[in-house]
Amino acid sequence: MLYPLRGKAPSGVRQSLIHARERMRKMRRYHGIPDPEFWNLKSDLGGEFTADLVQEYLGHHDGIPENVPKGRHVSKIERLIRDVVEGVRSLLSAAGLPATFWPYAAMAYAHNRNCSIDDWRVTMERHRLPHDRQIFGSLCHAKLPAECNTQPRGMEVASPCAFLGYCLNSRRGAHVIYLVTSGPKKGTYHTTTIQAESI
């Protein structure tokens, strides 16, 4: 399973651990596999992993920090990181979006890669979570929240958007980018989170 960090700050690492462990727990339950008594978190002693907030979380949730000294990187992890970086760059290039959209592309890449694992896809489908691969940057029409709606009154309800990926911390949320077509912000692009059913 590939799960992107929500940021390099300790609070982002902690949030990612919470969500990733919950997804793994669902997958284990579906297959009748018991949760392990203890679990390891391998890190390179980076500050985001050694911070008190993360260490406290590990202590309260049976996690054991396993530190890989700098200079002794695990080749499998390094290869995975290279694959992710290349994949995210490819998504951004294909969608024609700048590097500022890297976090969205990383989430979309992780989602699509996880969906290639049959057990993962079946588990997510069973829990009614997004389980199909989606093309990053693809055209979609979505009902935007009232404060984001750019369509003139009386026009169609759905606005053209580009799909950026599913929210990792939401059952039905999706990120989209849209062009403001009226008002003082006309001609600018904005992102928002919508209900995936409205796409």
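Here the structure is shown first, and the text comes after it.
Positions within a chain are numbered from 1, following the residues in the order the chain's sequence is written. Selection of residues for local features in this predicted model requires a pLDDT of at least 70, selection of side-chain atom pairs for listing and counting requires 80 or more, and totals for whole chains, interfaces and linings are taken over all residues. Excluded from the side-chain calculation are hydrogens and water; included are all heavy atoms of the structure.

Draft legend 1. Seen up close, the nonpolar core. Only buried residues count toward a nonpolar core, which is a set of Ala, Val, Leu, Ile, Met, Phe, Trp, Tyr and Cys residues joined through side-chain atoms within 4.5 Å. Working definition: with a 1.4 Å probe on protein chains only, accessible area under 20% of the residue-type maximum means buried, over 50% means exposed, and in between means partly exposed. By size, the foremost hydrophobic cluster in this structure holds 18 residues, and its most contacted members are Val88, Leu92, Phe101, Phe136 and Leu164. The secondary structure listing takes helices from DSSP runs of H or I that are at least 4 residues long and strands from runs of E that are at least 2 residues long, numbered from the N terminus. Mapped by element, the contributors of at least two residues to this core are α4 (75-95), α5 (102-115) and β4 (159-166). Between two residues, a contact is recorded if the distance between any of their heavy atoms is within 4.5 Å. When sequence neighbours within four positions are dropped, the list of residues in contact with Leu164 reads Leu97, Phe101, Tyr104, Ala108, Phe136, His175, Val176, Ile177 and Thr191. Counting residues in hydrophobic clusters, the runner-up holds 11 residues, among them Ala142, Cys161, Val176 and Tyr178.

Draft legend 2. Region of interest: the state of the cysteines. The term disulfide is used for any two cysteine sulfur atoms that are within 2.5 Å. If you walk through the whole model with that rule in mind, you get zero disulfides. Considering cysteine sulfurs only, Cys140 is the nearest to Cys161, which forms no disulfide, with 5.1 Å between them.

Draft legend 3. Structural view of the packing of helix α1 (residues 10-30) against helix α3 (residues 52-60). Every axis in this analysis is a line fitted to C-alpha atoms, fitted for helices over the stretch in contact. Angles between the N-to-C directions lie between 0 and 180 degrees. Remark: α1 packs on α3, axes separated minimally by 8 Å, with the N-to-C direction vectors making an angle of 25 degrees. By the angle class used here, α1 and α3 are roughly parallel. Where α1 approaches α3, its residues Pro10, Ser11, Val13, Arg14, Leu17, Ile18 and Arg21 are matched on the opposing element by Leu53, Val54 and Tyr57. What sets the label is the angle itself: under 35 degrees gives roughly parallel, over 145 gives roughly antiparallel, 65 to 115 gives roughly perpendicular, and the rest give oblique.

Draft legend 4. Seen up close, the packing of α4 against α5. Look at α4 against α5: their axes get within 9 Å of each other, and the N-to-C directions meet at 115 degrees. Classified by the angle between their axes, α4 and α5 sit roughly perpendicular to one another. Considering the relative orientation of α4 and α5, their crossing is right-handed. Here α4 contributes Leu80, Asp83, Val84, Val85, Gly87, Val88, Arg89, Leu91 and Leu92 to the contact with α5, which in turn contributes Trp102, Ala105, Ala106, Ala108, Tyr109 and Arg113. When the residues that make up the contact of α4 with α5 are grouped by side-chain class, the tally is 11 nonpolar, one polar and three charged. Left-handed describes a crossing whose near helix is turned anticlockwise from the far helix by less than a right angle; the clockwise case is right-handed. All residues other than Ala, Val, Leu, Ile, Met, Phe, Trp, Tyr, Cys, Pro, Asp, Glu, Lys and Arg, Gly among them, are scored as polar; the first ten of these are nonpolar and the last four charged.

The quantities given are spatial measurements derived from coordinates; they are silent on function.
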